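Overview (structure and organization)
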Amino acid sequence: MSPDEPLSASSGARIRAARLERGWTQDDLAAAVGVSRSAVAQWETDRAGQIRGNLTRISEVLEISVEYLLYGEDRRATSLAAGADELALLRLYRQCAPEDRQILLRTARRLARGTTTRRRA
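Remember, predicted model here, so these are calculated numbers, not experimental data.

Quick notes on the pattern of salt bridges
Evaluated as defined, the whole model comprises four salt bridges. The salt bridge involving Arg22 is made with Glu21; its shortest N-O contact spans 3.8 Å. On the basis of relative accessible area, Arg22 is assigned to the partly exposed category, the value being 27%. Overall, the relative accessible area of 14% leaves Glu21 in the buried class. A salt bridge links Glu60 to Arg57, with the shortest nitrogen-to-oxygen separation between them at 3.6 Å. Highlighted residues: Glu60 and Arg57, both in helix α4 (residues 51-62), separated by three residues, approximately one helical turn. Judged by its relative accessible area of 37%, Arg57 falls in the partly exposed class. Beyond isolated ion pairs, a larger network of salt bridges with shared partners links Glu21, Arg22 and Arg101.

Let's talk about the side chain of Arg14
The topology assignment puts Arg14 in helix α1 (residues 11-21). Buried within the structure, Arg14 lacks any salt-bridge partner; its nearest side chain of opposite charge belongs to Asp46, at an N-O separation of 7.3 Å. Engagement of the side chain of Arg14 in a polar contact is seen with the backbone oxygen of Leu70, the distance being 3.1 Å.

Calculation criteria
- Residues numbered from 1 in each chain as written.
- Predicted model: local features only at pLDDT ≥ 70, side-chain atom pairs only at ≥ 80, totals over all residues.
- Heavy atoms only, no water.
- Salt bridge = Lys/Arg side-chain N within 4 Å of Asp/Glu carboxyl O.
- Buried < 20%, exposed > 50% of the residue type's maximum accessible area, 1.4 Å probe, protein only.
- Helix = DSSP H or I, 4+ residues; strand = E, 2+ residues; numbered from the N terminus.
- Lys, Arg positive; Asp, Glu negative; His and termini not counted.
- Polar contact = N/O pair within 3.5 Å; in protein donor to acceptor, adjacent residues only side chain to side chain.

The following block contains the structure:
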């Protein structure tokens with residue numbers, strides 16, 4: 001991809017969704033990446049700014065792949081899915097709105113804690 005080639009129009013939406021999933025503000029993401037809040041606002045509204053030089057850092061901080069940031073899919077994640085159910089959950093998760101993804105994550109974390117507690121008992 002050349003420096004002049006535009007990012008996908010939804011790259012900003014994916015950055016915003018990943019930030020919101022973590023419950024972070026734009027200031028939180030900016031501090032983690034080492035940029036200004038206005039830079040994050042520009043990324044999220046697809047006014048790219050300095051996103052190209054920060055893609056790796058953004059993906060590391062948000063724990064998502066550069067491929068997902070740019071194209072909306074991460075073939076590595078789907079190839080790592082343990083089975084059909086896990087892959088189905090991943091696909092459904094990606095179809096959800098950011099607010100619904102937060103609900104799903106909270107529910108999954110609560111269920112996982114319950115599983116850990118039940119195993120110890």
